[in-house]
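Chain by chain, the residues:
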Amino acid sequence: MHAVFYQLKGQGLTSVTFFSLSFDPREVVEVLEQFLQEGRMSALMWEVCQQQAQAGSPELQEALLNKIVCLPDHVGNKLQGKHPPVFFPQNYFPLLGGAIIQVLQKISDSLREEILSVLVPCLVDLTKSDCIWQRICWRLVECVPDRWMEAVVLGFVQRAPGADILSRLLGNLVVKNKKAQFVVTQKVLLLQYCHTTAVLQNLLGYLSLDSLRRALLIKVMQELLETWSSSSAVKHSPPEQQQYISKAILICLSHLKEPEIESCRQELLTSMMEGVKCHLDSNLPQIRRLGMIVAESISSKINTDGPVLKFQYEEDDEARELKSLLVQTPPFCVIPSLSGDGNETAGAALPLVLESNKKSHTAAPVMSGDELDAELDSDDDLIPYDMSEDKELKTKAPVYIRDCIEVLTGSEDVDKWEATVKALEGLVRKNPAATREVSMELAKVLLHLEEKTCIEGFVELRQRAQVAVLTIDPIPVAKYLTSQFYSLNYSLRQRMDILDVLVLAAQELSYPKSHGKTKHSGAQKPCIQLLPGSDSSKDWRRIVDERIKSKTRRFATGQSQVELASSPNEFSSVAGYFFFPLIQHFDRPLTTFDLLGEDHFVLGRLVHTLAILMYLAVNTVAVTAMGKALLEFVWALRFHSDSYVRQGLLSCISSVLLSVPTDCLLEDMTEELLETQSWLGDVVEKDPDGDCRRLALQNLLLMENLKKKLKTVPS
């Protein structure tokens, strides 16, 4: 039997090669498996459809059809039933059906593209100055059957050069036809988010250009604001859709007139207050910034004379694009006229600009030259002090750890306090023995330390000092910090500081401390002396190195490399003190702290912290118990509504799969892994967040790799 291999170049079929029995069938099947998994079957069908349209070879099409339909039987017969699961009929034919649907969709899109790409430009030209052609065009779209109305309306919206052109082509179709109204006001704006900003501007601009359609514009804006201010929509819809809705709201605001804003001012204010709260509660920075920008825009529209909302956020291209949507572009700027009317309009607008410039210039007071010189010379009689020999007095920092604690807790000397904060980390690392004596007291002082002066990098200095104390005396300090995380009377900022310090200290403890020597290429390697004073080991090492060097070919000399000396993993003995106290009391709400309630942002940070600690605990004694506890923790929170928390849970799964030994996973966590695998499949198919779907897919691939490794290990 011959196996078929299709060699594809780009999107086109270049050759069909028949492999004879001289080729290994398994290698051919692997190529075919990769071909199917990469979705190339739909590309092959599309290529054949294009050849058929160009009067391709019917014999080739018949041969391809037979091979595609009978491929599972051919592979099974050739490999005697030992073929990959993708060639099982229950797996292959659903894949084939999906490829057929993709090709049919492509055919439909291409036919629609061909029709409308010819029709719309012609209608744009014909309706430009002929009212009869305008009525013909309106009647044409009004008579489209309902089942085809969506494709026609979308085609016109996407290809119209501007909102005024779209209004000329469609007329009041959305007022007369219920299907067209549903497509324009509901489906395109609320149920889809794949369209460009230009499509949104065309669509909403079309609704604003006629008095009969402006009622629909206000209705659309109210429904968009209702969705934007819904906490459920903010939590469960992807960021791309929320950005799409935000753009639509800003475009609607740009088209509203003052009487319309006045009539719905209270409704706009209510939606703004509810929506900005939902967005600011989100853990995703992109969502929070969207809420800030939209709230600022609504506030500027409803409070033209009074104070408006103002937030601090990063001004990047995306923020500038969103703000630019509030500025409505005049229709004559979008579509230049062929006659001289446009130039006349521009010329008429020019004097207004010049006049405004004149007003702005004349508004400033004008001073004569003598008055200006007199003002500049008014302070010339003052003689400056000679400060050339002045020296800055530097306050010395304390030398002992206990003195540092006294300065940080009770000193009123601001300069001494600043010097102590800057020198504390180095002092702690130089005096580990003295630090261990007061580690608990110092950790408490640093946790409650507040900034007295505007010292540069205060947060980083305090954090580095906390990390230094924790790494010097890990067990008692870790017990203290983890116990304080769930205590009363702490702010959310302090609780997140605790998590950051635990992660940084765990990273430092898990990596080697010695930085090794720089090893230059060509230098003699250091010898290992077995006995002191004996040169025998040095001689045989030198001889072996010379032989290796003489028989080694080097094509390039690399840069100097840092050789890291091996050292024990100090985190292995203390990993449990970092990990288990954090995972114990997450479901116990406190008076001012509720992880499962409104403080879900801290919960997300906690979950990500546990994932990092789990990853750093690789090859430790407690890693199996940590992995089992973390899987139970993930299972309890797997349906959390916040996407940031779910991303952390999926990162925890990755850490468990990467850190826990494979045999321990299968012996101690078989049921948990099977349940987790089923949940990951649901996340890949149903989760609205793209990052969650990507992480779940990565975890499924890790599980598949573990299965393959077990199959290759000899029993």
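Throughout this document, residue positions are counted from 1 along each chain, in the order its sequence is written. Where local features are concerned, this predicted model is filtered to residues with pLDDT of at least 70; where side-chain atom pairs are given and counted, the filter is 80 or more; whole-chain, interface and lining totals use all residues. Derived side-chain values reflect all non-hydrogen atoms in the structure, with water molecules and hydrogen atoms excluded from consideration.

So, about the layout of surface pockets. Taking a probe equal in size to a water molecule and rolling it over the atoms shows the remaining empty space. Both site types are read off a 1 Å grid over the protein atoms alone. A 1.4 Å probe that fits but cannot get out defines a cavity, while an open set with protein on both sides within 12 Å along at least five of seven lines defines a pocket; lining residues have an atom within 4 Å of a point. Grid points are joined across faces, edges and corners, and a volume is the space filled by probe spheres set on the points. Empty space within the second largest pocket amounts to approximately 480 Å³. Together, 12 residues line the second largest pocket, and Glu-33, Gln-37, Pro-84, Pro-85 and Val-86 are the ones closest to its centre. Looking at the lining of the second largest pocket, the elements that each hand over two or more residues are helix H1 (25-37), helix H5 (89-126) and helix H36 (690-712). Think of it this way: any DSSP run of H or I at least four residues long counts as a helix, any run of E at least two long counts as a strand, and we number them from the N terminus. No other element matches H36, which puts four residues into the lining of the second largest pocket. A class-by-class count of the residues in the lining of the second largest pocket yields five nonpolar, two polar and five charged. Side-chain classes follow a simple rule in which Ala, Val, Leu, Ile, Met, Phe, Trp, Tyr, Cys and Pro form the nonpolar group, Asp, Glu, Lys and Arg form the charged group, and the remainder, Gly included, forms the polar group.

Another point: helix H23 (residues 414-430). Taking 1.5 Å per residue as the helical rise, H23 with its 17 residues ought to reach 24 Å, and the 24 Å between its terminal C-alpha atoms agrees with that figure. Along H23, the sharpest change in direction is near 45° and occurs at Ala-423. Here's how the labels work: a residue is buried when its accessible area is under 20% of the maximum for its type, exposed when over 50%, partly exposed in between, all with a 1.4 Å probe on protein chains only. Inspection of H23 places Trp-417, Ala-419, Thr-420, Val-421, Leu-424, Glu-425, Leu-427 and Val-428 among the buried residues, and these make up the whole buried set. Structurally, H23 contributes buried residues whose contacts are with helix H22 (401-410), helix H24 (432-437), helix H25 (439-448) and helix H26 (458-472). The span expected for a helix works out to 1.5 Å for each residue beyond the first. The angle separating two fitted axes, one through the seven residues that finish at a residue and one through the seven that start at it, defines the bend at that residue. Residue contacts are defined here by distance: any two heavy atoms, one from each residue, within 4.5 Å place the two residues in contact.

Bringing the packing of helix H30 (residues 575-584) against helix H31 (residues 600-616) into the picture now. Put simply, H30 and H31 touch, their axes get as near as 10 Å, and they point 150° apart. The orientation of H30 relative to H31 falls into the category roughly antiparallel. As for the relative orientation of H30 and H31, their crossing is left-handed in sense. Together, Phe-578, Phe-579, Leu-582 and Ile-583 of H30 and Leu-606, Thr-609, Leu-610 and Leu-613 of H31 make up the contact between the two elements. Residues belonging to the contact of H30 with H31 are distributed by class as follows: seven nonpolar, one polar and no charged. Axis definition: a line fit to C-alpha positions, over the contact stretch in the case of helices; interaxial angles, taken between N-to-C directions, run 0 to 180 degrees. Geometric relationships in this document are graded by angle, where less than 35 degrees denotes roughly parallel, more than 145 denotes roughly antiparallel, 65 to 115 denotes roughly perpendicular, and other angles denote oblique. In this scheme the crossing of two helices becomes right-handed for a clockwise turn of the near helix relative to the far one and left-handed for an anticlockwise turn of less than a right angle.

What follows deals with a nonpolar patch on the surface. On the surface, Leu-126, Ile-132, Trp-133 and Ile-136 cluster together into a nonpolar patch covering about 360 Å² of accessible area. When residues in the nonpolar patch are grouped by element, the largest group, three residues, is from helix H6 (residues 131-142). In this structure, Ile-136 sits in helix H6. Given a relative accessible area of 44%, Ile-136 falls into the partly exposed group. Within the patch definition used here, like charges are joined within 9 Å and nonpolar side chains (Val, Leu, Ile, Met, Phe, Trp, Tyr) within 5 Å, considering only residues with over 30% relative accessible area and no salt bridge. All accessible areas in this document rest on Shrake-Rupley with a 1.4 Å probe, and a residue is counted as covered only by the protein chains that are shown. Every case where a carboxyl oxygen of Asp or Glu lies within 4 Å of a side-chain nitrogen of Lys or Arg is listed as a salt bridge.

Following the criterion strictly, the structure yields five cavities of 30 Å³ or more and no others. A volume near 50 Å³ is recorded for the second largest cavity. For the second largest cavity, the full set of lining residues is Thr-227, Trp-228, Ala-233, Val-234, Ser-237, Gln-242, Ile-245 and His-279. Of the residues assigned to the lining of the second largest cavity, the class counts are four nonpolar, four polar and no charged.

Our focus in this paragraph is the pattern of salt bridges. In the structure shown here, the tally under the stated rule is 24 salt bridges. Two residues, Arg-265 and Glu-262, come together in a salt bridge whose shortest N-O distance is 2.3 Å. When its relative accessible area of 23% is taken as the criterion, Arg-265 is described as partly exposed. Under the relative-accessibility criterion, Glu-262 is labelled partly exposed at 48%. A salt bridge links Lys-277 to Asp-281; the shortest N-O distance between them is 3.3 Å. For Lys-277, a relative accessible area of 53% translates into the label exposed. By sharing partners, the salt bridges in this structure join Glu-425, Arg-429, Glu-460, Arg-464 and Glu-508 into a single network.

Quick look at the side chain of Arg-214 now. Within the secondary structure layout, Arg-214 lies in helix H12 (residues 211-228). With residues near it in sequence (within four places) discarded, Arg-214 still touches Leu-207, Ser-208, His-255, Leu-256, Lys-257 and Glu-260.

Attention now moves to the packing of aromatic side chains. Note on ring pairs: Phe, Tyr and Trp rings are taken, using the six-membered ring of Trp, and paired if centres are within 6.5 Å. Classes follow the plane angle, with under 30 degrees stacked, over 60 edge-to-face and the rest tilted. If you walk through the whole model with that rule in mind, you get seven aromatic pairs. Considering the side-chain rings of Tyr-92 and Phe-93, the 5.3 Å spacing of their centres and the 80° angle between planes classify their relative orientation as edge-to-face. Judged by relative accessible area, Tyr-92 falls into the buried class, the value being 0%. On the accessibility criterion, Phe-93 (38% relative accessible area) is partly exposed. Summarising the aromatic geometry, the rings of Phe-579 and Phe-580 are spaced 5.3 Å apart at their centres and angled 90° between planes, so their arrangement reads as edge-to-face. Of the residues examined, Phe-580 reaches a relative accessible area of 25% and is grouped as partly exposed.

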